[in-house]
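# Residue-level structural notes
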Amino acid sequence: MTKLKLTLFIAFQLFYLNAKSQDILVEAESFIDKGGWVVDPQFVEQMGSPYLMAHGMGVPVSNAATKVNFQEKGTYYVWARTKNWVPGNWEAPGQFKIIVNGKTLKNTLGVTTGWSWEYAGKVKINSNDVNIQLLDLTGFNGRCDAIYFSKSKKIPTDAETNLASWRKTKFGETTVPKKQKTYDLVITGGGLAGCAAAISAAEQGLHVALIHDRPVLGGNASEEIRVHTLGIYGKFKRILKMIDTKHYPNGSFEAKYDQEKRDRNVKNFKNIDLFLNWRAYDAKAKNNIITHVDARHTTTGERIRFTAPRFVDSTGDGWIGFWAGAKFSYGRESASTYGEAWDEWGELWSPEKADNFVMGSSVLWQNKKTNKAHAFPQLPWASSVAKDHKAIAGEWYWEFSRNDLHQINDAEEIRDHMLRAIFGSFANAKKMEENKNYKLQWVSYLVGKRESRRLLGDYIYTFNDVKKHTKFKDAVVEEVREVDVHYQRNLKDGKQPDFLSEAIFYETEKYYIPYRSLYSKNIKNLFMAGRNFSCSHVGLGGPRVMLTTGQMGAAVGLAATICKKYGVNPREVYTNYLQEYLNLIEKQQ
């Protein structure tokens, strides 16, 4: 890293220094050198911040390191906000230590159930420039949210009971971000739907902001999650070919080649401002019109307020709509709500009573077969989930959902359950002579979600539209892929793995999705594209695959150009300009 770049990194680094008490709060994700640790921003809404995680797959990762300027020398007491992510009667995974100016502090961290401040030890600071390192001890997903230095022996009460406001106070954050940017269209979520929306709008001349909380585009299709794109291209083959993936096996290393293509093609548009590693954290609406989206950089903490006449929610979890007050649904409707029963499959397809069960989240993983034997430890904390299950790789059916676990609010617990299943199943497989040369090569730490919030539009798409092949006059998405709805294989037997799913398939010739399912029914300037579009639980079973959601994105990008041309909101494209809009779509092939 050049001297200039290093200086800029330090300038934006998230740490707080109180002139009176000399207390210093260092956000772990802001470390200058992450070493082998990774930034995990998936659970910001629950945590209040991204955190650093030592995702070593059984091998301790290299140290994360940073440098902080202390204005006052002396003895400091040091805490880290961390957790024991698998509490139980075993040696906890995820343990680590803190090193300050070369001295390893006394206490081992990552040993307390649930997120909390753990005391690391005290250290004497004799210089202004202080080097801090995180030392991974296990290679199994140790996590550090923040480090706090204080001359007081006691952690402030607010840091334990009111963390969010305590953090804001420490960093002196204003309510409104100082930096603001204005666009024709602001898209949040850089999966296939968000990318397609950005491209189609940019091709028509709109100035677009695309906000995405990862370093690469693609969401579930990215090299970080590695699900191949299914479905057809509909009217948008040219656009979707810029961002799709080949049909390689799920979890394949080959995902990186399509990653390069996707990122390059989106970055080539001069009127798309791409905000990678930026995570939206708020959106406000006035009189049911969104005025802005606020986002924060996942490592530096810098904030920007994005304003625009129209917004696209392609976050998957429907965050923009949720914050703005859009109506939404979650869970399985009763079979009678929309008349979606399928007698052959009964409750597995659609329940008699509505519940919170949804299709689950997958964590994909891969191995590598080598010419020599590789050891892998036995893990009692993992085998309690994996039980006797043996596996050397994962596929789409490595998936977890449970009625009492919310796919958004409990996503960290769901991800951790899958990590235990993967590590435990691989450890079981490694006991077999035939698997001695296998090495655990890659495990995603990102949850690949199938279903969570669904924002409600003027039309709620259901399974009946598939069965009837409803040809809406405003059909903008078409699909031939079968409808498949997932359920957990193990519904009752506690002795069996509960991290594998099965699917019920309904074959169909062709079905269509109307434009009215792609904008909010009560937030006037909000589009949605992706798995958070307006549909029922069973209605999502087919259109949730990524080329279909990509069609949604391309469609709303073009609708946004009609909106700008006439100064109207999404609904008026349907009521006043539908034929012009459909003609514009026809020209895309």
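Whatever comes next refers back to the structure up there.
The shown structure was predicted, so the numbers you read here are calculated from the model rather than taken from an experiment.

Here we take up the overall build of the protein. Each helix and strand in the protein was counted, giving 15 helices and 31 strands. By the compact-globule yardstick of 25 Å for 589 residues, the protein fits well, its C-alpha radius of gyration being 25 Å. For the protein, the spread of C-alpha atoms along the principal axes amounts to about 75 × 60 × 45 Å. For the protein, the proportion of its 589 residues judged to be buried stands at 61%. For the protein, the proportion of contacts with a sequence separation of at least 24, taken over those separated by at least 6, is 76%. Only carbon and sulfur atoms are counted for the fraction: they give 49% of the accessible area of the protein, which is about 23300 Å². If the 80 positive side-chain charges of the protein are averaged to one point and the 64 negative ones to another, these points end up 6 Å apart.

Time to look at the sheet that holds strand β25 (residues 448-449). With respect to topology, three strands assemble into an open sheet ordered β23-β21-β25, the strand pairing being antiparallel. The sheet is open, and its two borders are formed by β23 (399-400) and β25, each paired with just one other strand. Examined bridge by bridge, strand β21 (residues 361-362) and β23 share two bridges and lie antiparallel to one another. In the strand pairing of β23, Ser 362 is matched with Glu 399.

Applying the stated criterion across every chain yields a total of 38 aromatic pairs. On the numbers, 5.4 Å between centres and 55° between planes, the contact of Trp 79 with Tyr 119 is tilted. Note that Trp 79 is positioned in strand β6 (residues 74-82) and Tyr 119 in strand β9 (residues 116-125), a separation of 40 residues in sequence. A residue is classified by how much of its surface remains accessible, and Trp 79, at 6% relative accessible area, is buried. With relative accessibility at 31%, the residue Tyr 119 sits in the partly exposed group. Pairing Tyr 461 with Phe 533 gives two aromatic rings, centres 6.3 Å apart and planes at 45°, and the pair type is tilted. Of this pair, Tyr 461 sits in the loop between β26 (454-455) and α12 (463-467) while Phe 533 sits in the loop between β31 (526-528) and α13 (546-566), and the two are 72 residues apart along the sequence. Here Tyr 461 matches Phe 533 in class, with each residue buried.

With that settled, the discussion passes to unusual backbone geometry. Backbone geometry places Asn 141, a non-glycine residue, at a positive phi of 65°. Summarising the element assignment, Asn 141 is placed in the loop between β10 (129-136) and β11 (142-150). Classification of Asn 141 by relative accessible area gives buried; the value is 0%.

Restricting attention to buried positions, one finds in helix α4 (residues 163-171) the residues Leu 163, Trp 166, Arg 167 and Lys 170. Seen along its axis, α4 keeps its buried residues to an arc of 100°; they face one direction. Of the exposed residues in α4, those oriented more than 90 degrees away from the buried face are Ala 164 and Thr 169. Following α4 by one or two positions, Gly 172 has its phi on the positive side, about 60°.

Take the pattern of salt bridges next. Under the criterion given, the structure shown has 36 salt bridges. Residues Asp 145 and Arg 81 are paired through a salt bridge, measuring 2.8 Å at the closest nitrogen-oxygen approach. Here Arg 81 lies in strand β6 and Asp 145 lies in strand β11, a separation of 64 residues in the sequence. Residue Asp 145 shares its accessibility class with Arg 81, and that shared class is buried. Connected through salt bridges with shared partners, the residues Asp 40, Lys 83, Arg 143, Glu 412, Arg 415 and Asp 416 form a single ionic network.

Attention now moves to the packing of helix α5 (residues 192-203) against α13. Between α5 and α13, the least distance of the axes is 7 Å, while the angle of their chain directions is 30°. The element α5 and its partner α13 pack so that their crossing is right-handed. Contacts between α5 and α13 involve Leu 192, Ala 193, Ala 196, Ala 197, Ser 200 and Ala 201 from the first element and Met 546, Thr 549, Gly 550, Gly 553, Ala 554, Val 556, Gly 557, Leu 558 and Thr 561 from the second. Looking at side-chain class alone, the contact of α5 with α13 contains nine nonpolar, six polar and no charged residues.

A probe matching the size of a water molecule, rolled over the atoms, marks out where space remains unfilled. Approximately 640 Å³ is the volume attributed to the second largest pocket. Along its surface, the second largest pocket is lined by 27 residues, and Gly 48, Lys 168, Glu 173, Tyr 281 and Arg 296 are the ones closest to its centre. Every element with two or more residues in the lining of the second largest pocket is listed here: α2 (44-47), α4, β16 (278-286), β17 (289-297) and β18 (303-307). Looking at the lining of the second largest pocket residue by residue, the classes come out as seven nonpolar, seven polar and 13 charged.

What follows is about the nonpolar core. Ile 243, Val 476, Tyr 515, Phe 527 and Tyr 581 are the most contacted members of the largest nonpolar core, which has 72 residues in total. In terms of residue count, α13 provides more of this core than any other element does, 11 residues in total.

Our focus in this paragraph is the sheet that holds β10. Read across the sheet, four strands follow the order β5-β10-β7-β8 without closing on themselves; strand pairing throughout is antiparallel. Bordering the open sheet on either side are β5 (64-69) and β8 (103-104), each of which pairs with just one other strand. Where β5 meets β10, six bridges bridge the pair, whose relative direction is antiparallel. From the neighbouring strand, Val 68 faces β10, where its bridge partner is Val 130.

Cut-offs applied
Residues numbered from 1 in each chain as written. Predicted model: local features only at pLDDT ≥ 70, side-chain atom pairs only at ≥ 80, totals over all residues. Heavy atoms only, no water. Helix = DSSP H or I, 4+ residues; strand = E, 2+ residues; numbered from the N terminus. Rg over C-alpha atoms; globule rule 2.2 N^0.38 Å. Buried < 20%, exposed > 50% of the residue type's maximum accessible area, 1.4 Å probe, protein only. Contact = heavy atoms within 4.5 Å. Areas by Shrake-Rupley, 256 points an atom, 1.4 Å probe, with all protein chains shown as cover. Lys, Arg positive; Asp, Glu negative; His and termini not counted. Charge placed at Lys NZ, Arg CZ, Asp CG, Glu CD. Pairing = 2+ DSSP bridges. Phe/Tyr/Trp six-rings, centres within 6.5 Å; stacked < 30°, edge-to-face > 60°. Arc of directions from axis to C-beta. Salt bridge = Lys/Arg side-chain N within 4 Å of Asp/Glu carboxyl O. Axes fitted to C-alpha atoms, helices over the stretch in contact; angles between N-to-C directions. Left-handed = near helix turned anticlockwise from the far one by under 90°. Nonpolar A, V, L, I, M, F, W, Y, C, P; charged D, E, K, R; others polar. 1 Å grid on protein atoms, 1.4 Å probe; cavity = no way out; pocket = protein on both sides within 12 Å on 5 of 7 lines; lining within 4 Å. Points joined across faces, edges and corners; volume = space filled by probe spheres on them. Core = buried A, V, L, I, M, F, W, Y, C linked by side-chain atoms within 4.5 Å.

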